[in-house]
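Spelled out, the chains give:
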Amino acid sequence: IRSCGSNKPLFWDPTKNAPREHSVLRGKDIETTQTTKDKPMPLNKDMIITLRHSWNKAEPTASTLLHRFYETLFEMEPSVAKMFSGIDMVAQQNKLGAALGLVIREVENPGKLLPALQALGRRHGEIGVTPDQYDIVGAALLSALDDTLGDDFCTQTREAWSTAYATVAGTMIAAAEQPILQSA
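Here goes a summary of the coordinates provided. Values in this document were obtained by computation on a predicted structure and should not be read as measured data. (Residues numbered from 1 in each chain as written. Predicted model: local features only at pLDDT ≥ 70, side-chain atom pairs only at ≥ 80, totals over all residues. Heavy atoms only, no water.)

**Remarks on the pattern of salt bridges**
Here's step 1: Inspection of the entire model under this criterion finds six salt bridges.
Here's step 2: Ionic pairing is found between Arg-68 and Asp-147, a salt bridge with its closest N-O pair at 2.6 Å. Taken as a pair, Arg-68 in helix α3 (residues 62-76) and Asp-147 in helix α7 (residues 131-149) lie far apart in primary sequence, 79 residues in all.
Here's step 3: Among the residues examined, Arg-68 registers a relative accessible area of 23% and is labelled partly exposed. (Salt bridge = Lys/Arg side-chain N within 4 Å of Asp/Glu carboxyl O. Helix = DSSP H or I, 4+ residues; strand = E, 2+ residues; numbered from the N terminus. Buried < 20%, exposed > 50% of the residue type's maximum accessible area, 1.4 Å probe, protein only.)

Following this line, the structure appears as structure tokens:
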């Protein structure tokens with residue numbers, strides 16, 4: 001991890017085919033990383049400002065960021081690519097961009113963000129996404145942001161995105177693991 005302006009970190013160790021110490025979720029309790037109706041993301045004001053500032057820098061080149069994300073994800077975990085067989089990847093990238101934009105816009109509004117993340121988590125669970133795969137997705141996202149933002153992806157920016165992603169992933173995983181309550 002670097003301070004602003006230093007060398008680029010590696011998020012994936014190809015020799016071990018595993019995340020480096022930059023794991024996003026490993027070792028974190030899902031109960032502490034999920035957001036709830038009354039509990040917003042565990043981001044302080046500086047982290048929220050950093051998230052929004054970095055997203056404003058990345059958004060104009062979002063297609064490059066999102067393409068790089070999927071490219072990195074499939075390099076890190078080739079088996080995940082099979083989940084996207086037959087999928088329009090441009091449309092998929094647009095969906096991810098919209099989801100990231102929603103998180104950034106509503107980071108301080110769990111009442112709007114929570115239902116969207118829960119629905120997204122349930123959909124991901126239905127297609128077979130496992131909790132372990134969220135860590136790889138987080139590493140791919142951080143790597144793509146690093147590639148896109150360059151020197152602007154410093155320690156503070158990485159920490160803000162890591163914290164936000166861990167919370168998003170924890171919320172999605174919890175929703176996927178909960179049975180859907182149906183009215184009788």
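**With respect to the side chain of Thr-171**
Here's step 1: Tracing the backbone through its elements, the reader meets Thr-171 in helix α8 (residues 155-177).
Here's step 2: We classify Thr-171 as buried; its relative accessible area is 1%.

**What about the nonpolar core?**
Here's step 1: In terms of nonpolar packing, the biggest core is built from 41 residues, with Leu-51, Phe-69 and Trp-161 touching the most fellow members.
Here's step 2: Of all the secondary structure elements, the ones that give two or more residues to this core are α2 (45-58), α3, α5 (89-106), α6 (110-126), α7 and α8.
Here's step 3: By residue number, the principal contributor to this core is α7, which donates nine residues. (Core = buried A, V, L, I, M, F, W, Y, C linked by side-chain atoms within 4.5 Å.)

**What about the layout of surface pockets?**
Here's step 1: If you add up the space inside the largest pocket, you get close to 910 Å³.
Here's step 2: Taken together, 32 residues make up the lining of the largest pocket; nearest its centre are Gln-92, Leu-96, Leu-120, His-124 and Met-172.
Here's step 3: Secondary structure elements with two or more residues in the lining of the largest pocket: α3, α5, α6, α7 and α8.
Here's step 4: Examining the composition of the lining of the largest pocket, we find that eight residues originate from one element, α5, more than from any other. (1 Å grid on protein atoms, 1.4 Å probe; cavity = no way out; pocket = protein on both sides within 12 Å on 5 of 7 lines; lining within 4 Å. Points joined across faces, edges and corners; volume = space filled by probe spheres on them.)

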